[in-house]
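Spelled out from the first residue to the last, the chains are:
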Amino acid sequence: MPIAMITGATSGFGRAAARRFADAGWSLILTGRRQERLDALKHELAERVEVLTLTLDVRDAEAVKHAVETLPEAFRGVTCLVNNAGLALAPQPSQRVDLADWHTMIDTNVTGLVNVTHAMLPLLIATGAGASIINIGSAAAKWPYAGGHVYGATKAFVEQFSYNLRCDLQGTGVRVTDIAPGLAETEFTLVRTKGDESASEALYQDTTPLQSEDVAEQIVHVATLPAHININFLEIMPTRQSWSPTHVERD
Ligand SMILES: NC(=O)C1=CN([C@@H]2O[C@H](COP(=O)(O)OP(=O)(O)OC[C@H]3O[C@@H](n4cnc5c(N)ncnc54)[C@H](OP(=O)(O)O)[C@@H]3O)[C@@H](O)[C@H]2O)C=CC1
Ligand SMILES: O=CCS(=O)(=O)O
């Protein structure tokens, strides 16, 4: 059976992708910091598929390296790495942001993603044809908005890193895709606002955001394409989201 390793499997897209991969019969390596959520997901899925959970903070390069190096033999033949763990913080304008929040986004969305990718490359290259790395970027990589500051910039990194990685991996059979969702209803806004449930509810109210399952469906679709096909970039928005005009300041 093919194996998917998913970072950030305790919530949102990552958890939905775990369920969707399980529907397709894939074995799973599920990671995140919240052990109890990993346990619950393993309990849910382990009757159907093989599941290994790793309590892991992607920002900790040594811990990531050690976890990958000590993967049990049965889980080393990874077919798909889903680099999904990530977050936004500080929805306020740059001039009112705590520097620590910018660092946390960079440490997670950029450093964490490269930590996991670097550790996993030998395994994915050993798998070869049909293997893939799916990086979860964001529409915020391309479309600026007030309060997007470092978050959008980290996702622009994810997009360009994905393309550059593709160049290096040419000839190995390993594919690379940046999936860039727009507005999606997960715990994302609760994290961004540090627990403001009313702000989270207000953002998704009276519209039709993407759901985790919509993004999970695309992740599994990309991972299960024939080995000769590489989707480079896949931006997904709700039908009810499009682009705003630029803002003009007036007296
Ligand atoms: N929702 C949206 O509108 C969009 C989200 N995205 C991106 O999708 C990805 C998933 O977000 P989403 O599902 O929406 O949000 P959630 O908050 O629901 O899930 C985020 C996941 O990331 C994990 N995570 C966060 N920090 C770390 C860390 N340091 N180490 C390990 N795992 C971590 C969390 O696990 P735990 O806390 O247990 O560690 C959790 O499982 C993110 O990269 C996000 O930027 C992109 C576009 C749109
Ligand atoms: O990546 C998340 C989507 S948005 O909140 O930046 O639009």
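Model, not experiment: these values are computed from the prediction.

1. Some words on the overall build of the chain
When helices and strands are counted, the chain shows eight helices and nine strands. With the C-alpha coordinates of the chain rotated into their principal frame, the extents come out at 65 × 40 × 35 Å. Long-range contacts, defined here as pairs at least 24 residues apart, represent 69% of the contacts in the chain between residues at least 6 apart.

2. Regarding the site of ligand 1
Looking at ligand 1, there are 30 residues lining it, with Gly8, Gly12, Arg33, Gly86 and Phe188 nearest. Secondary-structure elements contributing two or more residues to the shell around ligand 1 are helix 1 (12-23), helix 4 (99-127) and helix 6 (188-192). In terms of residues, the shell around ligand 1 owes the most to one element, helix 1, which gives three residues. Tallied by class, the residues present in the shell around ligand 1 amount to 11 nonpolar, 13 polar and six charged.

3. Side note on the site of ligand 2
Around ligand 2, the surrounding shell consists of Ser138, Ala139, Ala140, Gly148, Gly182 and Leu183. Of the residues belonging to the shell around ligand 2, the class tally is three nonpolar, three polar and no charged.

4. With respect to helix 8 (residues 212-223)
Here helix 8 contains 12 residues, and its C-alpha end-to-end distance of 17 Å stays within 8% of the 16 Å for a straight helix at 1.5 Å per residue. Among the residues making up helix 8, those that are buried are Ser212, Val215, Ala216, Gln218, Ile219, Val220 and Ala223.

5. Quick notes on the environment of Thr189
You can see Thr189 is positioned in helix 6. Separated by 101 residues in the primary sequence, Thr189 and Ala88 place their C-alpha atoms 7.9 Å from one another. What Thr189 contacts, discounting residues up to four positions off in sequence, is Ala199, Ser200 and Leu203.

6. Some remarks on helix 4
Here helix 4 is 29 residues long and its end C-alpha atoms lie 40 Å apart, about the 42 Å a rise of 1.5 Å per residue gives. Along helix 4, the largest kink reaches about 45° and is centred on Met120; proline Pro122 follows within four residues of it. At the C-terminal side of helix 4, Gly128 shows a positive phi close to 75°.

7. Notes on the sheet that holds strand 1 (residues 3-7)
Sheet architecture is open: seven strands sit in the order 3-2-1-4-5-6-9, paired in parallel fashion. The sheet terminates laterally at strand 3 (51-55) and strand 9 (233-236), the two strands that pair on one side only. Pairs of neighbouring strands in the sheet enclose a mean axial angle of 15°, with direction left out of account. Helix 4 rests against strand 1, strand 4 (80-83) and strand 5 (132-136) of the sheet, and its axis sits at about 180° to strand 4.

8. Topic: unusual backbone geometry
A positive phi is found at Ala90, a non-glycine position, where the angle reads about 60°. Here Ala90 shows up in the loop between strand 4 and helix 4. Its identity as a non-glycine residue notwithstanding, Lys194 has a phi of 55°, on the positive side. Tracing the backbone shows Lys194 in the loop between helix 6 and helix 7 (197-204).

9. Focus on the confidence of the model for the chain
The predicted model of the chain has a mean per-residue pLDDT of 98, with 100% of residues at 70 or higher. Among the scores for the predicted complex, ipTM is 0.99 and pTM is 0.98.

10. Description of the nonpolar core
Counting 58 residues, the largest nonpolar core has Ala4, Ala17 and Leu28 as its most contacted members. If sequence neighbours within four positions are ignored, Ala17 has contacts with Ile6, Val82, Asn84, Ala216, Ile219 and Val220.

11. Considering the pairing of strand 2 (residues 27-32)
Burial within strand 2 is extensive, with six of its six residues counted as buried. Two strands pair when backbone bridges link them, and strand 1 and strand 2 are joined in this way by five bridges, in the parallel orientation. Looking at the pairing, Ile3 lines up with Ser27 of strand 2. Tracing the backbone out of strand 1, into helix 1 and back to the parallel element strand 2 gives a crossover that is right-handed. Note: strand 2 against strand 3, five bridges, orientation parallel. When the sheet's bridge partners are listed, Leu30 is paired in strand 3 with Thr53. With helix 2 (residues 35-45) bridging strand 2 and its parallel neighbour strand 3, the resulting β-α-β unit is right-handed.

The rules behind the values
- Residues numbered from 1 in each chain as written.
- Chains lettered and ligands numbered in written order.
- Predicted model: local features only at pLDDT ≥ 70, side-chain atom pairs only at ≥ 80, totals over all residues.
- Helix = DSSP H or I, 4+ residues; strand = E, 2+ residues; numbered from the N terminus.
- Contact = placed C-beta atoms within 7 Å.
- Near = placed C-beta within 6 Å.
- Nonpolar A, V, L, I, M, F, W, Y, C, P; charged D, E, K, R; others polar.
- Expected span 1.5 Å × (residues − 1).
- Buried ≥ 20, exposed ≤ 12 C-beta atoms within 10 Å, placed from the backbone.
- Bend = angle between axes of the 7 residues up to and from the residue.
- Pairing = 2+ DSSP bridges.
- Axes fitted to C-alpha atoms, helices over the stretch in contact; angles between N-to-C directions.
- pLDDT = per-residue confidence, 0-100.
- Core = buried A, V, L, I, M, F, W, Y, C linked by C-beta atoms within 7 Å.
- Right-handed = clockwise from strand over helix to strand, strands pointing away.

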